[in-house]
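Single-letter residue listing:
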Amino acid sequence: TALLSLRGARKAYRGDAAPFALEVPAFDLAEGEALAIAGPSGSGKSTLLMMLALAAPPDAAEVFRFAGQDIAAHWRAGRRDALADLRARRIGVVPQTGGLLPYLTVGGNIALPQRIAGRPDPARARALAEELGIGAHWAKRPAELSVGQRQRVAIARALAHRPALVLADEPTASVHPELADAVLALLKRECAAAGAALIVATHDPDRAIRAGYPVLACETHAPGADGVARSVFARA
Ligand code: ADP
Ligand code: ADP
């Protein structure tokens, strides 16, 4: 059975300036599966990731299931605590840039999601740091690390609490282009090793394909006659 299922999910921003509508007709993600969400800037990737992070509701969804729970029903019933709890325990996030708390050490940053999920596991935090080649920097602050090292701390942190799903919004935005392929490959490999499904948002579908990701691509974007920029994300 799928870890994540969406059918007929929609979300729109009105506003006279730039009305926007996101549609995801149908999409399933199996446990441990990796997927890239690809589309140009402004196509709704962040909006879709916020929905998948259980942080923002769809306007409508015939089916929205995650980790055996009916997310659409949770939103309809206003069960924000259940959604926040599910997010804290089952989802890991790799932010676009920064995202590490500057006053915590590398170890403190990696262990943070475990504390938030109420499941401290120092041995796993340490093992992830070693696995990702940042064990020697355990007691340093993020500012003392290179951009590439910080990105690896962020990957370790996203996996620390054994999430079922990792969400990464443009995880290569802050690294050199030469390193970007390696970051995408590393993220995929580490999530697979941890048994976590992975969704990466990227403006560069070719890079995602090179790194071996199946792609959910943005099909249309320019505003139609009604002035609404409509993004339809479907399996390429
Ligand atoms: P991407 O991540 O692909 O760049 P976004 O999801 O950030 O795309 O944005 C998609 C569209 O929705 C853009 O036109 C953006 O301006 C608009 N948008 C995003 N968030 C909001 C919001 N909170 N209110 C109104 N419009 C928004
Ligand atoms: P930069 O310092 O330019 O940001 P990186 O942080 O990506 O570069 O790499 C720093 C060093 O760590 C390099 O020598 C690189 O080969 C090495 N490295 C990269 N990934 C790993 C890993 N997963 N495990 C161990 N070492 C790694």
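Here the structure is shown first, and the text comes after it.
It should be emphasised that the depicted structure is a prediction, and the values quoted were computed from it without experimental measurement.

S.K.: Let's hear about the overall build of the chain: which residues, and what values?
M.R.: The helix and strand inventory of the chain stands at eight helices and ten strands. For the chain, whose C-alpha radius of gyration is 18 Å, the value lies close to the compact-globule estimate of 18 Å for 236 residues. Burial analysis of the chain (236 residues in total) assigns 49% to the buried set. When contacts within the chain are restricted to residue pairs at least 6 apart in sequence, those whose partners lie at least 24 apart make up 68%. Approximately 10,800 Å² of the chain is accessible, and the part contributed by carbon and sulfur atoms is 54%. Of the side chains in the chain, 28 bear a positive and 23 a negative charge, and the two mean positions are spaced by 6 Å.

S.K.: Explain the sheet that holds strand E4 (residues 63-66) to me, and be specific about the residues and the numbers.
M.R.: Read from one edge of the open sheet, ten strands run E5-E4-E1-E2-E10-E9-E3-E8-E7-E6, paired in mixed fashion. The two strands at the open ends of the sheet, each matched to only one other strand, are strand E5 (69-70) and strand E6 (91-94). In terms of strand pairing, strand E7 (residues 165-169) meets strand E8 (residues 197-202) through five bridges, oriented parallel. Within the sheet, the bridge partner assigned to Leu165 lies in E8 and is Ala197. Against the sheet, helix H6 (residues 147-159) makes contact with E6 and E7, and its axis sits at roughly 170° relative to E6, the strand it touches most. In this fold helix H7 (residues 177-194) packs onto strand E3 (34-38), E6, E7 and E8, with an angle of close to 160° to the strand it touches most, E8.

S.K.: Provide a residue-level description of the layout of surface pockets, including the pertinent values.
M.R.: Here the largest pocket defines a volume of roughly 350 Å³. Arg87, Ala88, Ile91, Gly92, Val93, Leu112, Pro113, Ile116, Arg157, Ala158 and His161 together form the lining of the largest pocket. Residue assignment for the lining of the largest pocket shows that the elements contributing at least two residues are helix H3 (80-90), E6, helix H4 (106-116) and H6. Here the lining of the largest pocket is composed, by residue class, of seven nonpolar, two polar and two charged.

S.K.: An account of the site of ligand 2 is needed here, citing residue identities and associated values.
M.R.: Around ligand 2 sit Leu132, Gly133, Ser146, Gly148, Gln149, Arg152, Leu179 and Leu186, and those are all the residues in its vicinity. Take Gly148: an N or O atom from its main chain is 2.9 Å from an oxygen atom of ligand 2. The contact in question runs from an oxygen atom of ligand 2 to an N or O atom on the backbone of Gln149, over 3.2 Å. Within the complex, 46% of the 560 Å² of free accessible area of ligand 2 lies under protein. Counting residues per element, the ones that place at least two in the shell around ligand 2 are H6 and H7. The greatest single-element share of the shell around ligand 2, amounting to three residues, is contributed by H6. A breakdown of the residues in the shell around ligand 2 according to their chemical character gives three nonpolar, four polar and one charged.

Reading the values: the criteria
Residues numbered from 1 in each chain as written. Chains lettered and ligands numbered in written order. Predicted model: local features only at pLDDT ≥ 70, side-chain atom pairs only at ≥ 80, totals over all residues. Heavy atoms only, no water. Helix = DSSP H or I, 4+ residues; strand = E, 2+ residues; numbered from the N terminus. Rg over C-alpha atoms; globule rule 2.2 N^0.38 Å. Buried < 20%, exposed > 50% of the residue type's maximum accessible area, 1.4 Å probe, protein only. Contact = heavy atoms within 4.5 Å. Areas by Shrake-Rupley, 256 points an atom, 1.4 Å probe, with all protein chains shown as cover. Lys, Arg positive; Asp, Glu negative; His and termini not counted. Charge placed at Lys NZ, Arg CZ, Asp CG, Glu CD. Pairing = 2+ DSSP bridges. Axes fitted to C-alpha atoms, helices over the stretch in contact; angles between N-to-C directions. 1 Å grid on protein atoms, 1.4 Å probe; cavity = no way out; pocket = protein on both sides within 12 Å on 5 of 7 lines; lining within 4 Å. Points joined across faces, edges and corners; volume = space filled by probe spheres on them. Nonpolar A, V, L, I, M, F, W, Y, C, P; charged D, E, K, R; others polar. Near = heavy atom within 4 Å. Polar contact = N/O pair within 3.5 Å; in protein donor to acceptor, adjacent residues only side chain to side chain.

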